[in-house]
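Notes for the structure review
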Number of protein chains: 2
Amino acid sequence: MHFKEIIATIKTRRKSLQVTQEEVSELSGVSLRTLKQFESSKGNLTMANLQKLCDTLGLEIKLTVKEIHR
Amino acid sequence: MHFKEIIATIKTRRKSLQVTQEEVSELSGVSLRTLKQFESSKGNLTMANLQKLCDTLGLEIKLTVKEIHR
DNA sequence: CCCAAAAGAGCACTATAATGCACTTTAAAG
DNA sequence: CTTTAAAGTGCATTATAGTGCTCTTTTGGG
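Bear in mind that the values here come from a model prediction, so they are computed numbers and not experimental data.

**Remarks on the relation of the copies chain B and chain A**
- For the pair chain B and chain A, the best superposition has an RMSD of 0.0 Å and corresponds to a rotation of 180 degrees with a translation of 0.0 Å parallel to the axis. Both chain copies can therefore be described as sitting about a two-fold axis. Identified as the residue of chain B closest to the rotation axis by C-alpha distance is T46(B), at 2.0 Å.

Here you go:
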C-alpha cells in the first residue's frame, strides 16, 4: 500500500465506524489538527501517531515481503 | 503488528538480503543516522521514511481491519 | 435555501524527527 | 588476540511534525 491508499483506508474506516475526526482525536490521543492534516493528505505522520490511529480504528499494520509478479 | 515487530521485520529483511545499513541508506535516501536509530529502537520514524525503507527492501505496508477473536 | 456540524486551512509556536560528524562498541575472520 | 567492517551512540544543528486557536468551506438534514 502506498501513502494515498493508507490515508484512504483510514478515512474510509473512520467513516464506516461513523465517528468524527474529533472523536478519533480524543480516543487516540492524536491531536485534531494533526488528524485533519493527515486525512487531507498534508503532512507526514510519525509511526507513533499512525499506530495510535490504527489502534483506535481497529486497523492492523502489516509489513509483508512483496511478491514478484512475472 | 506493533512497533517492535515492524522494526524487527525490517531489520531481519535487510539481513536476509545481506545488505548493510549503509547500503540501504544510500539506496533508500534515508540517512544512515536515521536508519541506525530506527533499527536500534530509538526514534519515531515518519511514514515517508518508513515507506522509503520498505520500497528499498521489497516490503509492503498493509492496513487491514483487525479481526475480532472470540 | 438555511442551519449546524464536520472538515479543511492559515498562522505561530513548540517538540522532536532528520541529519552530519566523530567516537565507541560489537561481531566476524584470520 | 588482532584487525576491520558494521552497528550503535553523544552532541549539535536544521527541518519539519505536532499542536492550539481562529476562521473558512463543505456537507447533510430539515
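**Some words on the protein's contact with DNA strand D**
- The environment of DNA strand D is made up of 17 residues, and the closest members are T46(A), N49(A), R14(B), Q21(B) and R33(B).
- For DNA strand D, the fraction of atoms within 4 Å of the protein that belong to sugar or phosphate moieties is 60%.
- No other element matches helix α3 (residues 32-39) of chain A, which puts three residues into the surface near DNA strand D.
- Of the residues that constitute the surface near DNA strand D, the class distribution is one nonpolar, ten polar and six charged.

**Notes on the pattern of salt bridges**
Residue and element names in this part refer to chain A.
- Overall, the coordinates contain two salt bridges over all chains when judged by the stated rule.
- Taking the shortest distance from any N to any O, the salt bridge between E39 and R14 comes out at 2.7 Å. Highlighted residues: E39 in helix α3 and R14 in helix α1 (residues 3-16), separated in sequence by 25 residues. Of the two residues examined, E39 and R14, each falls in the buried class.

**Describing the interface of chain B and chain A**
- Contacts between the two partners involve 26 residues from chain B, matched on the other side by 26 residues from chain A.
- Note on chain B versus chain A: buried area summed over both sides is about 2800 Å², and carbon and sulfur give 61% of it.
- Three residues stand out in chain B for area buried against chain A, namely M1(B), M47(B) and L63(B), and they jointly supply 29% of the buried area on that side.
- One can count 22 residue pairs in polar contact (both at pLDDT 80 or more) joining chain B with chain A.

**Looking at the protein's contact with DNA strand C**
- Neighbouring residues of DNA strand C: 17 residues in total, closest R14(A), Q21(A), R33(A), T34(B) and T46(B).
- The share of sugar and phosphate among atoms of DNA strand C within 4 Å of the protein is 64%.
- Within the side chain of R14(A), a nitrogen or oxygen atom sits 2.6 Å from a phosphate oxygen of DNA strand C.
- Contact between DNA strand C and R33(A): a base oxygen at 2.4 Å from a side-chain N or O atom of the residue.
- No other element matches the three residues that helix α3 (residues 32-39) of chain B contributes to the surface near DNA strand C.
- Looking at the surface near DNA strand C residue by residue, the classes come out as one nonpolar, ten polar and six charged.

**Side note on the packing of helix α2 (residues 21-28) of chain B against helix α4 (residues 47-57) of chain B**
All names here are of chain B.
- Between α2 and α4, the shortest axis-to-axis distance is 9 Å and the interhelical angle comes to 105 degrees. Put simply, α2 runs roughly perpendicular to α4. In this structure, α2 contributes V24, L27 and S28 to the contact, and α4 contributes K52, L53, T56 and L57.

About the thresholds
Residues numbered from 1 in each chain as written. Chains lettered and ligands numbered in written order. Predicted model: local features only at pLDDT ≥ 70, side-chain atom pairs only at ≥ 80, totals over all residues. Heavy atoms only, no water. Least-squares fit on C-alpha atoms with pLDDT ≥ 70 in both. Near = heavy atom within 4 Å. Helix = DSSP H or I, 4+ residues; strand = E, 2+ residues; numbered from the N terminus. Nonpolar A, V, L, I, M, F, W, Y, C, P; charged D, E, K, R; others polar. Salt bridge = Lys/Arg side-chain N within 4 Å of Asp/Glu carboxyl O. Buried < 20%, exposed > 50% of the residue type's maximum accessible area, 1.4 Å probe, protein only. Contact = heavy atoms within 4.5 Å. Buried area = accessible area lost by both parts, 1.4 Å probe. Polar contact = N/O pair within 3.5 Å; in protein donor to acceptor, adjacent residues only side chain to side chain. Axes fitted to C-alpha atoms, helices over the stretch in contact; angles between N-to-C directions. Parallel < 35°, antiparallel > 145°, perpendicular 65-115°, else oblique.

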